[in-house]
Amino acid sequence: MSMIKINSYVCKRFLEKRSYTHSIGEIQFQTDLADMYGLKVDESLLNSGLNNSFSFMGASLIDHLLKTGNKIDDVDLVVLVYCIPDINPSISTVNYLIEKYNLNAKGFAVSAVDTYAPFAAVKIIKELFFTKKCKKALLLMLDQSTLSYYAPGVKDIEDTAIACLFEKNGTGPCLELNEWGYESNTNLHEWMKKMNLNQSDDQYIISSNLEEKYTEMPSEITFIASSKQLCTSLFAKLLKLIQKGKIQGDSSIYLLDGSLKENELYYMKFSILGG
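Residues numbered from 1 in each chain as written. Predicted model: local features only at pLDDT ≥ 70, side-chain atom pairs only at ≥ 80, totals over all residues. Heavy atoms only, no water.

Looking now at the overall build of the protein. Looking only at helices and strands, the protein features seven helices and ten strands. By the compact-globule yardstick of 19 Å for 275 residues, the protein fits well, its C-alpha radius of gyration being 19 Å. Counting every position in the protein, which comprises 275 residues, the buried fraction comes to 50%. Sequence-distant contacts in the protein: of pairs separated by 6 or more residues, those separated by 24 or more amount to 76%. (Helix = DSSP H or I, 4+ residues; strand = E, 2+ residues; numbered from the N terminus. Rg over C-alpha atoms; globule rule 2.2 N^0.38 Å. Buried < 20%, exposed > 50% of the residue type's maximum accessible area, 1.4 Å probe, protein only. Contact = heavy atoms within 4.5 Å.)

Set out below in structure tokens:
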């Protein structure tokens, strides 16, 4: 069965602080929303934050794809992945981007499933390709660190955004999705044995940093994603390693996340083709 491929991608860090403009209506909306969850809006957090909205970050990624010669007018699916909510919850980011770039596309967002959100999104994209309901998908993974209410650890997150264009056929150097898996009652050592993972030059593991489970992994082929990123962490690490030439053509890479305490393990296997 032919696998889907990531033909183009971009990863950006958003380091500069964007100005915050007070809006009575927006603050009231944020307050009403926060009250539903027993939270209290603190506008000083908006004044001090980086203020990177999903619509701004997403548009920046798409503009970069366009400037580097990528076609997006044939994108028929847009998927947004995030862990921390948008600074501007009154805007539907997916619909905004579809309209802004005049795309004849459907779209949805994946959230509220912790850092496993990219795994859920890729699985859905894969299924839509193979049921012929999608021909080209734009996957956006966004981490931002500004909220109108206090949430522990949020201010330590790096504002990071990734865009990937999925297609059925490769157009040159690309990442091919070979496997997607979920297992329960998992023993990590047995899983690695089943996947035939060994200390060879062409197999690698990129793992989340959520648990102390790395002593079981061969250090020579294992890379740990940044603790300052959430839904972008695994792909950000993968793309950085490719950019630096530490992972090269004809290699296989496993992206790994999960909770061994909850007996859950998610994995995706990509191969670099033509790199």
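Let us now look at the sheet that holds strand β3 (residues 106-110). Ordered by their spatial adjacency, ten strands build an open sheet running β3-β2-β4-β5-β1-β6-β10-β9-β7-β8, and the pairing between neighbours is mixed. Only two strands of the sheet have a single neighbouring strand rather than two, namely β3 and β8 (222-224). Here the strands of the sheet are splayed against their neighbours by 25° on average, with no regard to which way each runs. Note: strand β4 (residues 136-143) against strand β5 (residues 160-167), eight bridges, orientation antiparallel. Within the sheet, the bridge partner assigned to A137 lies in β5 and is F166. Helix α5 (residues 117-130) rests against β2 (77-82), β3, β4, β5, β6 (174-184), β9 (252-259) and β10 (264-273) of the sheet, and its axis sits at about 165° to β2. (Pairing = 2+ DSSP bridges. Axes fitted to C-alpha atoms, helices over the stretch in contact; angles between N-to-C directions.)

Moving on: the pairing of β5. Of all eight residues in β5, eight are buried, a share of seventy percent or more. Burial of the side chains of β5 extends over both faces: T160, I162, C164 and F166 are buried on one face and A161, A163, L165 and E167 on the other. Relative to β5, strand β1 (residues 5-13) is paired through eight bridges, and the arrangement is antiparallel. In the strand pairing of β5, Y9 is matched with C164.

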